[in-house]
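# Residue-level structure breakdown
What follows is each chain in one-letter form.
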Amino acid sequence: MSKEIVVSGIRSTGYLHLGNYFGAMKNYVKMQDEYDCYFFVADYHSLTTHPDPKDLKANVFRVAAENIACGLDPEKVALYAQSDIPEIPELYLLLNMLAYKGELEKVPTFKDKVRQQPDNVNAGLLTYPVLMAADVLIHKAVKVPVGKDQEQHVEMARNFANRFNHRYGELFPEPQPFNFGSELIKVPSLDGTGKMSKSENLNATIYLADDDDLIRKKVMKAKTDSGPTEHNSEMPEYISNIFLLMHLVSRQETVETYRSMYNNCTIRYGDMKKQLAEDMVAFIAPIRDKAAALQADEDQLKKILKEGAIKARESASKTIAAARKQIGINYY
Ligand code: TRP
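Conventions we followed
- Residues numbered from 1 in each chain as written.
- Predicted model: local features only at pLDDT ≥ 70, side-chain atom pairs only at ≥ 80, totals over all residues.
- Heavy atoms only, no water.
- Near = heavy atom within 4 Å.
- Polar contact = N/O pair within 3.5 Å; in protein donor to acceptor, adjacent residues only side chain to side chain.
- Helix = DSSP H or I, 4+ residues; strand = E, 2+ residues; numbered from the N terminus.
- Nonpolar A, V, L, I, M, F, W, Y, C, P; charged D, E, K, R; others polar.
- Buried < 20%, exposed > 50% of the residue type's maximum accessible area, 1.4 Å probe, protein only.
- Contact = heavy atoms within 4.5 Å.
- Domains from an automatic or database assignment.
- Buried area = accessible area lost by both parts, 1.4 Å probe.
- Salt bridge = Lys/Arg side-chain N within 4 Å of Asp/Glu carboxyl O.
- 1 Å grid on protein atoms, 1.4 Å probe; cavity = no way out; pocket = protein on both sides within 12 Å on 5 of 7 lines; lining within 4 Å.
- Points joined across faces, edges and corners; volume = space filled by probe spheres on them.

## A word on the site of the ligand
Every one of the 13 residues lining the ligand counts as a neighbour, but Gly 9, Arg 11, Tyr 128, Asp 135 and Gln 150 are closest to it. Residue Gln 150 places a side-chain N or O atom 2.8 Å away from a nitrogen atom belonging to the ligand. Here the element with the most residues in the shell around the ligand is helix α8 (residues 128-137); it accounts for four residues. For the shell around the ligand, a count of residues per class yields seven nonpolar, four polar and two charged.

## Describing the side chain of Thr 319
Relative to the helices and strands, Thr 319 resides in helix α14 (residues 298-327). You can call Thr 319 buried: its relative accessible area is 4%. The contact partners of Thr 319, leaving out residues within four places of it in the chain, are Leu 137, Ile 138, Lys 140, Leu 171 and Phe 172.

## A look at the domain arrangement of the protein
By domain assignment, the protein separates into domain 1 (5-178 + 297-327) and domain 2 (202-291). Domain 1 and domain 2 are separated by 35 Å when their C-alpha centres are compared. Opposite the twelve residues of domain 1 that make contact, domain 2 presents 13 residues. Between domain 1 and domain 2, roughly 1,100 Å² of surface is buried when both sides are summed, and carbon and sulfur atoms account for 82% of that area. When residues of domain 1 are sorted by the area they lose upon contact with domain 2, Leu 18, Phe 22 and Ala 69 head the list and together hold 48% of the total. In this structure, the connection of domain 1 to domain 2 is made through zero salt bridges. Mapped by element, the contributors of at least two residues to the side of domain 1 that touches domain 2 are α1 (18-34) and α3 (53-69). Of the residues contributing to the side of domain 1 that touches domain 2, the split by class is ten nonpolar, one polar and one charged.

## Thoughts on empty space enclosed by the protein
According to the stated counting rule, one finds one cavity of 30 Å³ or more in the structure shown. Roughly 30 Å³ of internal volume is contained in the largest cavity. For the lining of the largest cavity, a count of residues per class yields four nonpolar, three polar and two charged.

## Some details on the environment of Pro 51
Positionally, Pro 51 belongs in the loop between α2 (43-46) and α3. Here Pro 51 falls in the partly exposed class, since its relative accessible area comes to 24%. Distance from Pro 51 to Ala 161, taken between C-alpha atoms, is 30 Å for residues 110 residues apart in sequence. Each residue touching Pro 51, except ones within four places of it in the same chain, is listed here: Ser 46 and Leu 56.

Shown next as structure tokens:
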């Protein structure tokens, strides 16, 4: 039986952090054995915010390297750069004829961008969900692993697919947002407010590229207090966040030890943070070092992306040929 098709795009801006690891990459790695996966670096999407041309390549290579370092296996999945697949912009153009200005203007992520960058409200920003739909539909994907913030985009991809099928005949299955756990893990930031983020709370976010000392420093600065005074008392959020982080990177026994010390009021947060810092270092260091080694080996990365593009174009060219034919573009 053929495996279900999965597509997901990875933003190429910003450094990846622990939240991305547990929220997205771990999901990808789990999916690679069970599904036919297409994972790509969304470099075209990043152009909507006009990045400096001299940064683009390094960003794309870094994100690809970091994903491989986290366990994504280019032998098992197609890992490619979006801009290496010319069938994607072609499908994007075709889908643009089925996307309405009114519905695009209503998308919350578009409205956010308009607020954030009022001087650069370009058409690419408006049609961002159409390009994303093309990314997904070009491989006839049925599952799209994304975070909550992207679910509406997947719903739009579903609408465009249905409109195409309706007008030109059945071609696309309906893609659905997907994640393994029922609720994606939100990795809390170290300052007790909100979650780890690419753009805020830099000192309270652990990046996959952080060196050992920086990791230790960030963990040791995490907010604590003088400790509980009553047995089995409820944890304030900044303390339960530290436990949650420990649960992600430390051994189960370690977490339990500290939990019982919390419950009988003997916990020393300094010791707990030292332990967490060491476990965090042990968790991040191999990923960071592997990503750095890959980034230093440009030939290897180029080879991986080229092979990924070949795999992706194989599937993409079939879909675009069918789409053109169904629309009536078959003249010769
Ligand atoms: N928009 C997604 C994000 O911001 C990235 C993305 C682009 C994507 N194309 C996609 C995700 C296709 C899933 C499928 O995270």
